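Topology and contacts: notes
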Amino acid sequence: ANDAPAQASATAGYSSGTQSDASLTWGQFGMLKMWSSLTMLGSRRIVSMAQVLFPQMKSTRFYYPENLCRGKGEGLGAIGLTIDDGIVRQDRSKSLLKEVLNLLKKHNATATFFVCSEYTSEDDMKSIVEANCELGNHLTKDGEFFQLGEEDFKRVFEQAEAKLSPFLQPNTKRWYRAPQGRLTKDMARVLERGGISHALGDCYADDWAIPDPEGLASVYLRQVQPGSVAIMHMPEKGFREHTLRSLELFLEGLESRRLQAHSLGEMERLCEPQNSEKNLENPSLRGSLASRT
C-alpha cells in the first residue's frame, strides 16, 4: 500500500444497498484480473512458496489449520479478519472508524486493526478495544521500512508500540505486520527477541488500490476458507473509501457461507486451544524491547 488515493471512489453511501460506480483504469483492471488468476492457483500454495523463498517468514502466521477452526456458533467456521493502515491519515473528521465498527457489530464479527501510530488516537484505540477487537503494530505510518537496519527498525517499532501498549489486551499474543508485507531478516530478529508474532494472510487482493467493491469481494470470497486470514484496508472519507463497501460485501458473503470473522487473538483461542497456555503472554515480554536484547 502507499499514500496515493484511489482514482475513483466506489462507494456512494454506507447502506447495504449501495452499488459500485467504479470506473477502473487499465492498471486497476489488470491488478484485479491478476489477483483473480492467482486465486485459481491457490493462495496457500503461494504462501508455501513464499516461506521457502523468504526463510525469515517461517514463523509468520498466514492462516490457521482448517481442521481446528470452529466458529462460536454451531456449524460455523472461523476466519481471521485484519484491517491495515488505520485509522485516519487526514483530518479527524474524515474517519470512518465508527462505520467500520458498526459493520463488524452487525455481522457479529471482530478484527485485528494493524494501526499506524501517527494515524491513530487514544480515542480510536479505546473504541476498538471496547468493540472487542484488538490492535496490532503497523509501525508509524504507511511507507517503506524494509531498508531499515536492525537498530533503526527497533527504534521505529518501539515508537509505535509505546502508543499502542496501554490498549493491548493482556494475556494475548502481540502482533506486528510488516508494511507492504516486506518482512526483512533484521525485522525478524528483533521480533523474535521481543516475543512478537508476525502476521500476513492467505486472503488478499490489493483492495486499497482497486475501487471496485463487488469485484474485490468476489475475489476475497473465492480465496477464503476456514482458517484463512484476510487482509483488508481501512477506509476514510475521500481516501480508499470504497474499502468500506468491500468489507460490507465480504462480511455478507462470509455469512452466506457460514463463516465468522474474528480477530487474530480470537483465532488463537478458537483454532488452537491446545496451545492456549503457551500463547499466554509471558510477563518477561512486557517491557521495552531494549530490556529484552
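Predicted, not measured: the structure shown is a model, and the values here were computed from it. (Residues numbered from 1 in each chain as written. Predicted model: local features only at pLDDT ≥ 70, side-chain atom pairs only at ≥ 80, totals over all residues. Heavy atoms only, no water.)

1. Brief notes about the overall build of the protein
Applicable threshold: Strands here mean DSSP runs of E at least two residues long; helices mean DSSP runs of H or I at least four residues long; both are numbered from the N terminus. Only protein chains enter the accessibility calculation, which uses a 1.4 Å probe; a residue whose area is less than 20% of its type maximum is buried, one above 50% is exposed, and one in between is partly exposed. We call two residues contacting when some pair of their heavy atoms lies within 4.5 Å. Note on areas: Shrake-Rupley, 1.4 Å probe, and residue coverage restricted to the protein chains presented here.
Across its full length, the protein carries 11 helices and seven strands. A total of 293 residues make up the protein; the buried ones form 54% of that total. Long-range pairs, those at least 24 residues apart, make up 76% of the contacts in the protein between residues at least 6 apart in sequence. For the protein, the computed accessible surface area is about 13,100 Å², with 51% contributed by carbon and sulfur atoms.

2. Structural notes on the environment of Glu-151
Within the secondary structure, Glu-151 is located in helix α5 (residues 150-164). Judged by its relative accessible area of 54%, Glu-151 falls in the exposed class.

3. A short note on helix α7 (residues 213-223)
The element α7 is largely enclosed, with a buried count of eight among its 11 residues. Listed in full, the buried residues belonging to α7 are Pro-213, Gly-215, Leu-216, Ala-217, Val-219, Tyr-220, Leu-221 and Gln-223. The secondary structure elements touched by the buried residues of α7 are α1 (26-41), α2 (43-53), β6 (229-233) and α8 (242-256).

4. Some words on the packing of α7 against α8
For any two helices packed against each other, one specifies the inter-axial angle together with the distance between the axes. Stated precisely, the cut-off is as follows: The angle between two axes is taken between their N-to-C directions and runs from 0 to 180 degrees, where each axis is a line fitted to C-alpha atoms and a helix contributes only its stretch in contact. Working rule for angles: under 35 degrees goes down as roughly parallel, over 145 as roughly antiparallel, 65 to 115 as roughly perpendicular, anything else as oblique. Put simply, a crossing is left-handed when the front helix is turned counterclockwise from the back one by less than a right angle, and right-handed when it is turned clockwise. When residues are sorted by character, Ala, Val, Leu, Ile, Met, Phe, Trp, Tyr, Cys and Pro go into the nonpolar class, Asp, Glu, Lys and Arg into the charged class, and all the rest, Gly among them, into the polar class.
At a minimum axis distance of 8 Å, the contact between α7 and α8 shows a crossing angle of 40°. What the angle tells us is that α7 and α8 run oblique. Helix-helix and strand crossings are classified by hand; for α7 and α8 the assignment is right-handed. Across the interface between the two elements, Pro-213, Glu-214, Leu-216, Ala-217, Tyr-220 and Leu-221 from α7 touch His-242, Arg-245, Ser-246, Leu-249, Phe-250, Gly-253 and Leu-254 from α8. Within the contact of α7 with α8, the residues separate by chemical class into eight nonpolar, three polar and two charged.

5. Points about the pattern of salt bridges
As a reminder, the rule being used: The working definition used for a salt bridge is a side-chain nitrogen of Lys or Arg within 4 Å of a carboxyl oxygen of Asp or Glu.
This structure, assessed with the given rule, holds 17 salt bridges. Taking the shortest distance from any N to any O, the salt bridge between Arg-240 and Asp-142 comes out at 3.1 Å. Here the residue Arg-240 occupies a position in the loop between β6 and α8, and Asp-142 occupies one in the loop between β3 (134-137) and α5, the gap between them amounting to 98 residues. Across the pair, exposure class does not vary: Arg-240 and Asp-142 are buried alike. Because the salt bridges share partners, they merge into one network encompassing Asp-85, Arg-89, Asp-142, Glu-236 and Arg-240.

6. Side note on the packing of aromatic side chains
As a reminder of what qualifies: In this scheme Phe, Tyr and Trp rings, the latter by its six-membered ring, pair at centre separations within 6.5 Å, and the angle between planes marks the pair as stacked below 30 degrees, edge-to-face above 60, and tilted otherwise. Lysine NZ or arginine CZ positioned within 6 Å of the ring centre and within 35 degrees of the ring normal marks a charge as sitting over the ring.
Counted according to the given criterion, the structure contains six aromatic pairs. Relative to Tyr-204, the ring of Trp-35 lies with its centre 5.3 Å away and its plane at 85°, an arrangement referred to as edge-to-face. In this pair, Trp-35 is assigned in helix α1 and Tyr-204 in the loop between β5 (197-198) and α7, connecting sequence segments 169 residues apart. Tyr-204 matches Trp-35 in its accessibility class, with the two residues each being buried. Each member of the aromatic cluster is reached from another via a ring pair, and the members are Phe-153, Phe-157 and Tyr-176. Over the ring of Tyr-63 we find Arg-44; its NZ or CZ atom is 4.1 Å from the centre of that ring. The ring of Tyr-64 has Arg-61 lying over it, and the distance from NZ or CZ to the ring centre is 4.0 Å.

7. Observations concerning the pairing of strand β1 (residues 77-86)
What counts is decided by this rule: In this analysis, strands are considered paired if DSSP registers two or more bridges between them.
In terms of burial, β1 is a largely internal element, 10 of the 10 residues being buried. Relative to strand β7 (residues 259-262), β1 runs parallel, the two being bridged by four bridges. Each residue of the ladder has a partner; that of Ala-78, found in β7, is Gln-260. Bridge analysis of β1 against strand β2 (residues 112-115) gives four bridges, and the strand direction is parallel. Paired with Asp-84 across the strands is Phe-114, a residue of β2.

8. Observations regarding the packing of helix α3 (residues 97-106) against α8
Running from N to C, α3 and α8 point in directions that differ by 5°, and their axes come no closer than 10 Å. Taken together, α3 and α8 sit at an angle that is classed as roughly parallel. For the pair α3 and α8, contact is made by Glu-99, Val-100, Leu-103, Leu-104 and Lys-106 and by Leu-244, Leu-247, Glu-248, Leu-251 and Glu-255, respectively. Of the residues assigned to the contact of α3 with α8, the class counts are six nonpolar, no polar and four charged.

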